[in-house]
Amino acid sequence: MAATSARTLKLLSIFGIGATLTAEELATRLGASVRTVRRDIDTLRDLGYEIEAVRGAGGGYRLGRATRLPPVVFDEDQAVATAVALQTVPAVLSGIRENAARALATLYQAMPARSRLHAEAFTVSSARNYWEFPAPPIDAEIVRAVGSAINRQHLVRVDYTGDGEPVTLTLEPHDLVVWAARWYLVAFDPDADRWRAMRMDHVKPRMPTHTPFDRRDIPHRDPVAFVMTAHDRGDAAAEWPCRGSAILALPASTVARFAPGGSTVEYATEATCRLTLGAWSWPGLAGLLLTFDADIADIEPAELRQALHSLRTRISRGLGPATPPRPGW
């Protein structure tokens, strides 16, 4: 009986990877007969797991969507990974830290002693990085409403607060992206005939429309790349002791991808943009601008210009006299 239970749990763990496998492949992995595998599959179905039989080429068995939440089985590595993830989850949804703590306690309680020892070896404490500027925690109901519209391919009407007054938009929602502890909605705006990357903490969904739409190809064919290169994604300049800006001789999409958290990028021309950012000191702010390795102009304020002059003087002093090139170089 113990061997049967252990084999059934191993079968469930195999199904957990999401693959579709034939009875013969499952039997090989389990070291059992095809008949035994089919009997174990019936056992899992009796426990509430939806094990689907897929017919045709490439068919076999796979784990489907359950009608209720059955017990979840982790192997030791999965349990440890889950424990670490629950401890380091960012506070991007309101109430998620409390739920994560409860889930971690439940996981530890369900673990065998050996696995719990392994997981507890990865006990960590999270500290805020001052270069990260997460959005205020978002109501999970807002994410659920937008995520449901994405899954069902339904238009969504939202009130959106950008830089100006709130506007009401009807959007084709395509993806949700979490980047630097901030949630973004990737959506197509039919009225403006353009793609948008929108901060979810600025979005308030209205009643569902139940109006279907056809999915489009996202720019770059990658929602993450689109968000990272969108200069108008709704970010705001963070409060720093020193804050300044300059025109960089780089496209806005390039600077948007590598700009520090809490900075803003404004389109100027196809080849230039204005970067506004902050730091603890004016020399530190000047150094951040220089990391982009591009010509800079229209530098504000005067304190930032003076810091750049001071850095140039220090660097020149450190380098010493210029060494003439050797003959033949």
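Residues numbered from 1 in each chain as written. Predicted model: local features only at pLDDT ≥ 70, side-chain atom pairs only at ≥ 80, totals over all residues. Heavy atoms only, no water.

Participant: Now, about the pattern of salt bridges: what can you tell me, with residues and values included?
Facilitator: A complete count under the given rule lists 16 salt bridges for this structure. The salt bridge involving D235 is made with R182; its shortest N-O contact spans 3.6 Å. One end of the pair, D235, is in the loop between α8 (223-229) and β8 (242-248); the other, R182, is in strand β5 (residues 182-189), with 53 residues separating them in the sequence. Residues D235 and R182 agree in their burial class; the two are buried. One salt bridge connects D232 with R194, and the closest N-O pair in it is separated by 2.9 Å. Highlighted residues: D232 in the loop between α8 and β8 and R194 in strand β6 (residues 194-199), separated in sequence by 38 residues. (Salt bridge = Lys/Arg side-chain N within 4 Å of Asp/Glu carboxyl O. Helix = DSSP H or I, 4+ residues; strand = E, 2+ residues; numbered from the N terminus. Buried < 20%, exposed > 50% of the residue type's maximum accessible area, 1.4 Å probe, protein only.)

Participant: A description of unusual backbone geometry should follow, citing residues and the corresponding values.
Facilitator: Of note, the amide linkage connecting E300 to P301 takes the cis form, showing an omega dihedral of 0 degrees. Summarising the element assignment, P301 is placed in the loop between β11 (296-300) and α11 (302-319). The residue R221 is not glycine, and still its phi comes out positive at about 55 degrees. Here R221 shows up in the loop between β7 (203-205) and α8. Here D293, not a glycine, exhibits a phi torsion of approximately 50 degrees, which is positive. The exposure class of D293 is exposed, given its relative accessible area of 72%.

Participant: So what's going on with the sheet that holds strand β3 (residues 156-160)? Residues and values would help.
Facilitator: The sheet built from 5 strands is open, its strands ordered β6-β5-β4-β3-β7 with antiparallel pairing. Pairing within the sheet leaves two strands with one partner each, and these edge strands are β6 and β7. Shown here is a sheet whose adjacent strand axes are inclined to one another by a mean of 50 degrees, direction ignored. Strands β3, β4 (167-179), β5 and β7 of the sheet are contacted by helix α7 (residues 140-152), whose axis makes an angle of about 95 degrees with β4. (Pairing = 2+ DSSP bridges. Axes fitted to C-alpha atoms, helices over the stretch in contact; angles between N-to-C directions. Contact = heavy atoms within 4.5 Å.)

Participant: Hey, could you go over the nonpolar core for me, with residue numbers and the actual values?
Facilitator: Taken as a class, soluble globular proteins show a tendency for nonpolar side chains to be buried jointly. In this structure, L248, V255, V265, L275 and L289 are the most contacted members of the largest nonpolar core, which totals 22 residues. Taken together, the elements giving at least two residues each to this core come down to β8, α9 (252-258), β10 (272-279), α10 (282-290) and α11. In contact with V265, not counting residues within four places along its chain, are H231, A252, V255, A256, A259, C273, R274 and L275. V143, V146, L171 and V203 belong to the second-largest nonpolar core, a separate cluster that totals 16 residues. (Core = buried A, V, L, I, M, F, W, Y, C linked by side-chain atoms within 4.5 Å.)

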